[in-house]
Amino acid sequence: MRVLPDVAALEKTFDYTVPDGWDAPVGTLVRVPLHGRRVGGWVVADGVTPPAGVALRPLAKITGCGPPADLVDLARWAAWWWAGPVRAVLRSASPPGAVRGLPAPAPAAPAAAATGDDDGLAAEALACDRAVVRLPPAADPFPFVAAAAGRGDALVLAPSVGAAGLLAARLRRSGRAVAVVPRDWARAAAGGSVVVGARAAAWGPLPVPAAVVVLDAHDEAYREERSPTWSAWEVAAERARRAGVPCVVLSPCPTLEQLAWGRLLAPSRATERAGWPVVEVVDQRRADPRTGLYSDRLVALVRGGGRVACILNRTGRAQLLACRACGEVLRCERCGGGMAQGDGDALRCRWCREERPALCQACGSTALRRLRPGVTRVREELEALAGREVAEVTGRTEEPPGAGVLVGTEALLHRLDRADAVVFLEFDQELLAARFRAAEQALALLARAARLVGGRDGGGRVVVQTRAAGHDVLRAAVLADPGRLVAAEVERRRDLRLPPAGALALVSGDAEAFVASLPDDVEALGPADGRWLVRAADRAVLARALASVPRTGARLRVEVDPARV
């Protein structure tokens, strides 16, 4: 047997013998003697031939069941694709505790009945090997899940544990056996169940997947933050490809990478428009500076009753510059990014580093001002304006009961189930953030808000206060047509050689020698703040380049396809 020890900074495998009567197929969790101690590990190969003249030691213990052989092979691919250690991926694919044996498979479920008007689109999606379904925020994704479950043991990913739990409950009510991983890891491995879960469910151990469905595939929660920074939807898609089964990713605003991966399907324009709420854009360019963030529309909403969620996202806040004369936010004429003060009097784009004189691109004025809102101050002022309680909600606080108006970061969007209106107090910091995915991430925030207020017929509103009223993101949301953003983004990414028109990796830590040894078919930019940006023509070229350089025991982090660059 060949074993990969679960030891930090050790990627080498070792050969051992299997004592008589022991059964240790590939993927089994074992304990082995190594350098005078016993360590855990995974069986990664069997039937191997040891080097001549080497006396092998036996396995010390079989701990329990581990990821099946196909997932071990998939873990090797993921470690190569995202340039990280295999053992880290195998941990994600392993059960949370020791599994000594598997239960009997669940009995076959009866055929599912029709679930709604989306059955036709679901059938069309499952007839494709790779389908990207642009489902509006208010639409119910369950018909797609039910259709996949009707084919057999489906794998279904949801962006959060809570969403996975609600989905599992609906499947059980429809008569399906369900295994929620990682809690029901053994039941999933036994077969006969629909496997449901959040990010880690991409490694759910169902024996033979019949179909794969990913809900809200654009959600950044699918990205593993630790190295290797694998993406759950990509792992699930590769798994479906290897199994020869359909993979369907659902999203109200698919990313460019997803659109490049699969065939786009969408409901009719009437259905898609009905699935988005009314999005109101409040142009703040000529707003009275004495009122600050508090437009007449906002004041009317907070005084009008109902539940109003006010979003002011401080995470990743960047300094924005606006023209004192006309109120226009200063943007790069090359790529549309936000401009910041550079060296001397010049302005520099935080995306493409283009420089220009410090003047407004709209009116030519040189009188500029900085924009820096704050959540706590906003809560106090909103409370005075609304004449009722306003509660502050962040990632570390809970929603106060009974509060009619709430203000907080984007965490507030994930704390509520329903709202009558969502107001983005200062959306320009999202539109013009110094990230190449800023436009996609901004549209995703609007889609999340749209889900809280419901469809166009529900009466809810999403209100966006901005000084960039003509931005492609806002036009796409107002017209309930996310495709309007795609053309502009594709062109910009192609010009700047950004994904999917290129591939990126962020290398940090003790990285200087590593970066210097990379082959010539990749470009290394930096260092900046101790980090290098490695650029390649595509992901395969990048993966080969990163794998070609041996790593020492020094501290090194490689983040492939970074979300926040």
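It should be noted that the structure appears before, not after, this text.
So, a few notes on the structure that sits alongside this text.

Definitions and limits used
Residues numbered from 1 in each chain as written. Predicted model: local features only at pLDDT ≥ 70, side-chain atom pairs only at ≥ 80, totals over all residues. Heavy atoms only, no water. Core = buried A, V, L, I, M, F, W, Y, C linked by side-chain atoms within 4.5 Å. Buried < 20%, exposed > 50% of the residue type's maximum accessible area, 1.4 Å probe, protein only. Helix = DSSP H or I, 4+ residues; strand = E, 2+ residues; numbered from the N terminus. Contact = heavy atoms within 4.5 Å. Pairing = 2+ DSSP bridges. Salt bridge = Lys/Arg side-chain N within 4 Å of Asp/Glu carboxyl O. Arc of directions from axis to C-beta. Patch = residues over 30% accessible without salt bridge, like charges linked within 9 Å, V, L, I, M, F, W, Y side chains within 5 Å. Areas by Shrake-Rupley, 256 points an atom, 1.4 Å probe, with all protein chains shown as cover.

## Here's the deal with the nonpolar core
Line of reasoning, step 1. Counting residues in hydrophobic clusters, the biggest one holds 64 residues, and the most contacted among them are Leu157, Trp203, Val214 and Leu546.
Line of reasoning, step 2. No other element matches helix H1 (residues 69–81), which puts 8 residues into this core.
Line of reasoning, step 3. Setting aside its immediate chain neighbours within four residues, Leu546 contacts Ala83, Ala505, Phe514, Leu518, Val558 and Val560.
Line of reasoning, step 4. The next biggest cluster of nonpolar side chains, apart from the first, holds 39 residues, and it includes Leu406, Leu432, Ala450 and Leu452.

## Re the pairing of strand E6 (residues 130–134)
Line of reasoning, step 1. Across the 5 residues that make up E6, a large majority, 4, are buried.
Line of reasoning, step 2. Looking at chain direction, E6 and strand E11 (residues 247–251) are connected through 5 bridges and run parallel. Within the sheet, the bridge partner assigned to Val132 lies in E11 and is Val249.
Line of reasoning, step 3. Across 3 bridges, the pairing between E6 and strand E12 (residues 263–265) is parallel.

## Things to note about the pattern of salt bridges
Line of reasoning, step 1. In the structure shown here, the tally under the stated rule is 37 salt bridges.
Line of reasoning, step 2. Note that Asp283 and Arg285 form a salt bridge whose closest N and O atoms lie 2.5 Å from each other.
Line of reasoning, step 3. Residue Arg285 is classed as partly exposed on the basis of its relative accessible area, which comes to 31%.
Line of reasoning, step 4. For the salt bridge of Arg437 with Asp561, the shortest nitrogen-to-oxygen distance reads 2.7 Å. Linking Arg437 in the loop between helix H13 (428–431) and helix H14 (438–453) with Asp561 in the segment after strand E27 (556–560), this pair joins segments that are 124 residues apart in sequence.
Line of reasoning, step 5. One salt-bridge network, held together by shared partners, links Asp73, Arg76, Glu238, Arg241 and Arg242.

## Focus: the sheet that holds strand E4 (residues 37–45)
Line of reasoning, step 1. With antiparallel pairing, 5 strands are arranged side by side in an open sheet as E2-E1-E4-E3-E5. Of all strands in the sheet, those with a lone pairing partner are strand E2 (14–15) and strand E5 (61–64), marking the two edges.
Line of reasoning, step 2. Note: strand E3 (residues 29–34) against E4, 6 bridges, orientation antiparallel. Following the sheet pairing, Val30 is matched in E4 by Gly41.

## Re the environment of Val89
Line of reasoning, step 1. Among the structural elements, Val89 can be located in helix H2 (residues 86–93).
Line of reasoning, step 2. Counting along the chain gives 18 residues from Val89 to Leu71, while the straight-line C-alpha distance between them is 9.8 Å.
Line of reasoning, step 3. For Val89, the contacting residues outside a window of four places in its chain are Ala75, Ala78, Ala79, Trp203 and Pro228.

## Things to note about the pairing of strand E21 (residues 405–408)
Line of reasoning, step 1. Burial of the side chains of E21 extends over both faces: Val405 and Val407 are buried on one face and Leu406 and Gly408 on the other.
Line of reasoning, step 2. For strand E14 (residues 308–311) and E21, the ladder comprises 4 bridges, and the chain directions are parallel. Bridge pairing in E21 links Ala309 to Leu406.
Line of reasoning, step 3. Bridge count for strand E20 (residues 390–393) against E21 is 4 bridges, and the pairing is parallel. Bridge pairing in E21 places Glu392 opposite Val407.

## Some words on helix H10 (residues 296–303)
Line of reasoning, step 1. If you check which residues of H10 are buried, you get Leu298, Val299, Leu301 and Val302. The arc that holds every buried residue of H10, seen down its axis, measures 165°, which confines them to one face. Across from the buried face of H10, at angles greater than 90 degrees, the exposed residues are Asp296 and Arg303.
Line of reasoning, step 2. Contacts made by the buried residues of H10 are with E14, helix H11 (375–386), E21, strand E22 (421–424) and strand E23 (461–466).
Line of reasoning, step 3. Within two residues after H10, Gly305 carries a phi angle of roughly 85°, on the positive side.

## Topic: a nonpolar patch on the surface
Line of reasoning, step 1. A surface patch of nonpolar side chains, about 190 Å² in accessible area, is lined by Val281, Val478 and Leu479.
Line of reasoning, step 2. If you trace the backbone, Val281 turns up in strand E13 (residues 278–283).

Nothing here speaks to function; it is geometry throughout.
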